[in-house]
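# Structural overview
What follows is the residue order along each chain.
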Amino acid sequence: MSRFAKICWLAGVAGCGVVAGLTAWPEQAAAQVPDRQATPSTRSGAPALRTSTPSYVGQAQTSTSRNQAASADATDGPPATTRSRSGAISLGQPPRASQPVRSSRLRGITQRDVRAPQPTITALPPPLPLAPEPRRRKRPEEDPYAPLGLRLGNVILRPAITGSGGYDSNPSRVSGASKGSLFSRTEGELGIQSDWNVHELTGMLRGGYSRYYRDDTASRPDAEGNMSLRLDATRDTRILLESRLRLDTQRPGSPDLTAAVQGRPITWNYGAAAGVTHDINRLQFTLRGSVDRQDYEDADLSNGRKLSQADRNQTQYGLRLRAAYEVTPGFKPFVQGEVDTRQFDEKVDSSGYMRSSDGYTARVGSTFEISRLLTAEVSVGYQDRKYEDGRLKNLRGIVGDAAILWTPTPLTTVTLRGTAELGDTTIPGSSGTTARRVNLEVAHALRRNITVTGFAGYGRTDYDGQNLREDLSTIGARIEYKLTRTFSVRASFTHERLNSTNQGSDYTANIAQVGLRVQF
């Protein structure tokens, strides 16, 4: 017999024995109930089993099976010892029939018994390390070829020197046929910028000299510079100190030179100013006083004599008050009033006129910024100048300034500047000059280190009381190739043309040059 058959046979025999025992339990329980109640040892013995038959067992027994069991007991009843033993089945319903048997001696194995003991915590665990900050993209430099400068304490100096050479078709700016000449030019610059927590110092100084090899009389210097210091007295009050300098030369055909001169006489313009600015919420007041000096060098005549220009030397004093209101951070209109006086060193000039005068000026304007693409400061006003000499009528006219910077693309910058002012002259019978100038410049970066700039300018000067007018126009282009932060190559071409109603003053000049710039 196979192993599987043996297992099935044993299971069948065991099942039949269980059924036979269940059918005999009711009669035995009925006979043993009185003995169980009378025997105290039985109650004090082992724990009692169920006291009744489960419902599923009792329902399975029919009346036929109960009669068969009763007859079996009557004929073949068990011995007396078996009938006197306490029964294991009670006829009553147990109080906990639906609950499993519980015993304090028997306990099943649960997951809690095999779980590893938890470690005893005597201290807090160490804090987790902070998560590293996300790496930020490095902001690109605005100009990777800009000079770094030299630090002197808390002031940064940016020196530069440029050496160039070229050709000028009309070095002396004379009318008619002219003799061109090769020239060399040396130019130096010094930029100043403070690095202070409060206050600020800024400045720019530039000077150069142009030497013409075929016309030494046309060789000339030029320079300009400015310096400003801001002192923060309080949060709302600032003290402003300024200084300026300009060195230029006169061309031989200038209407203010009454005779034919050789070379180019030098003119000096320098001055200083002091002021205070105070903010009251969005309202800003500025009071500024200034003093400016203008000196003229004596001119050399063709006959070897000197032409004195001491009668043109003068000093100007001015006082200005401005009130501005910040409507928005990018829009700040203002009104301005100014009074000034011009005092000449010589009371009477070479023509017999007293040129000292007093001027009154009123302006309105605004500074504004539109999306950081367009920034500007524009002002316009009216000036009235009264002369000490009664023969000179008052000089009146529109005055103004404009500086507009437009950046249509990150690679293109457009700059527009304009000015209108009233000036002085030594021409007999003329009260002064009215000058209007405008300059346009467009710079485009072909690459980060290559910039091409085109420029054009126009200026007109009218001499009051005289049928005299001069129109000066310039146009040109320049290119700058930055090799490194220190070295760059520059080249330029400029065309100048002057048209004048004064006979013998017109001229045309073409200038081309190329040079190397060294900056730190």
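Please read all numbers here as calculations on a predicted model, not as lab measurements. (Residues numbered from 1 in each chain as written. Predicted model: local features only at pLDDT ≥ 70, side-chain atom pairs only at ≥ 80, totals over all residues. Heavy atoms only, no water.)

This paragraph deals with the overall build of the chain. Helix and strand counts for the chain stand at six helices and 22 strands. A fraction of 54% describes how many contacts in the chain between residues 6 or more apart in sequence connect residues 24 or more apart. Counting only carbon and sulfur atoms, one obtains 57% of the accessible surface of the chain, whose full area is about 33,500 Å². (Helix = DSSP H or I, 4+ residues; strand = E, 2+ residues; numbered from the N terminus. Contact = heavy atoms within 4.5 Å. Areas by Shrake-Rupley, 256 points an atom, 1.4 Å probe, with all protein chains shown as cover.)

Looking now at the packing of aromatic side chains. Within this structure, the stated rule accounts for one aromatic pair. When the ring of F183 is compared with that of Y212, the centres are 5.4 Å apart and the planes differ by 40°; the resulting orientation is tilted. Of this pair, F183 sits in strand β3 (residues 181–194) while Y212 sits in strand β4 (residues 200–212); the two residues are 29 residues apart in sequence, bridging distant segments of the chain. Y212 gets classed as buried once you look at its relative accessible area, which sits at 4%. (Phe/Tyr/Trp six-rings, centres within 6.5 Å; stacked < 30°, edge-to-face > 60°. Buried < 20%, exposed > 50% of the residue type's maximum accessible area, 1.4 Å probe, protein only.)

As paired strands, strand β2 (residues 155–168) and β3 are joined by 14 bridges and run antiparallel to one another. Directly across from S164, in β3, lies its bridge partner R185. Bridge count for β3 against β4 is eleven bridges, and the pairing is antiparallel. Residue pairing for β4: L190 is matched across the bridge by L205. (Pairing = 2+ DSSP bridges.)

What follows concerns the pattern of salt bridges. Any two side chains of opposite charge can pair, given that their charged atoms come close. Taken as a whole and assessed by the stated rule, the structure comprises 36 salt bridges. With its nearest N and O atoms 3.5 Å apart, the salt bridge here joins E224 to R246. Of this pair, E224 sits in strand β5 (residues 220–232) while R246 is found in strand β6 (residues 237–249), placing the two residues 22 residues apart along the sequence. Here R246 falls in the partly exposed class, since its relative accessible area comes to 41%. Several salt bridges converge on common partners, so that one network encompasses R185, E187, R206, D222, E224, R246 and D248. (Salt bridge = Lys/Arg side-chain N within 4 Å of Asp/Glu carboxyl O.)

Let us now look at the pairing of strand β15 (residues 374–387). Here strand β14 (residues 357–370) pairs with β15 via 14 bridges, running antiparallel. Among the inter-strand pairings, Y360 is bridged to a residue of β15, identified as D384. Counted along the chain from β14 to the antiparallel partner β15, the turn is three residues long, and its residue S371 has a positive phi close to 55°. Pairing of β15 with strand β16 (residues 395–409) involves twelve bridges; the strand directions are antiparallel. If you follow V378 over to β16, its bridge partner there is A402.

On the surface, a nonpolar cluster with roughly 660 Å² of combined accessible area is contributed by I239, L241, V276, L287, L319, L321, V339 and Y360. Going through the elements one at a time, β6 and β12 (314–325) are the ones with two or more residues in the nonpolar patch. Along the polypeptide, L287 turns up in strand β9 (residues 283–296). (Patch = residues over 30% accessible without salt bridge, like charges linked within 9 Å, V, L, I, M, F, W, Y side chains within 5 Å.)

This part takes up the sheet that holds strand β7 (residues 261–262). Strands sit in the order β7-β10-β11 across an open sheet of three strands; the sheet is antiparallel. Strands with a single pairing partner mark the edges of an open sheet, and in this sheet they are β7 and β11 (306–307). Note that strand β10 (residues 299–301) and β11 share two bridges and pair antiparallel. For D300, the partnering residue across the bridge sits in β11 and is K306.

Moving on, we come to unusual backbone geometry. Although it is not a glycine, R173 adopts a positive phi angle of roughly 55°. In this structure, R173 sits in the loop between β2 and β3. Located in the positive-phi region is N281, a residue other than glycine, with phi close to 55°. Along the chain, N281 falls in the loop between β8 (266–280) and β9.

Under the counting rule described, the total for this entry stands at two cavities of 30 Å³ or more. Counted as a void, the second largest cavity has a volume near 40 Å³. Residue lining of the second largest cavity: L240, L241, E242, A273, A274, G275, V276, T286, L287 and R288, and that is the complete set. Of all the secondary-structure elements, those providing two or more residues to the lining of the second largest cavity are β6, β8 and β9. Tallying contributions element by element places β8 first for the lining of the second largest cavity, with four residues. Grouping the constituent residues of the lining of the second largest cavity by class yields six nonpolar, two polar and two charged. (1 Å grid on protein atoms, 1.4 Å probe; cavity = no way out; pocket = protein on both sides within 12 Å on 5 of 7 lines; lining within 4 Å. Points joined across faces, edges and corners; volume = space filled by probe spheres on them. Nonpolar A, V, L, I, M, F, W, Y, C, P; charged D, E, K, R; others polar.)

Looking now at the confidence of the model for the chain. As a general rule, the predicted coordinates of low-pLDDT regions are not to be interpreted in detail. Summarising the model, the chain shows a mean pLDDT of 82, and 75% of its residues fall at 70 or more. A low-confidence stretch, residues 18–53 stays under pLDDT 50, and its non-local contacts, those more than four residues away or across chains, total 47 contacts. A low-confidence stretch, residues 55–90 stays under pLDDT 50, and its non-local contacts, those more than four residues away or across chains, total 37 contacts. (pLDDT = per-residue confidence, 0-100.)

We now examine the environment of D222. Looking at where D222 falls in the secondary structure, it is placed in strand β5. For D222, the contacting residues outside a window of four places in its chain are R185, R206, G207, G208 and L247. A polar atom in the side chain of D222 sits 2.9 Å from the side chain of R185. (Polar contact = N/O pair within 3.5 Å; in protein donor to acceptor, adjacent residues only side chain to side chain.)

To continue, consider the side chain of T277. By secondary structure assignment, the location of T277 is in strand β8. For T277, the side chain forms a polar contact with the side chain of T286, separated by 3.2 Å. When residues no more than four places from it in sequence are discounted, the contact partners of T277 are D236, T237, R238, L240, Q284, F285 and T286.

On to the side chain of N170. The topology assignment puts N170 in the loop between β2 and β3. Residue N170 is classed as buried on the basis of its relative accessible area, which comes to 2%. In this view, N170 contacts S178, Y507, T508 and A509; residues no more than four positions away in its chain are not counted.

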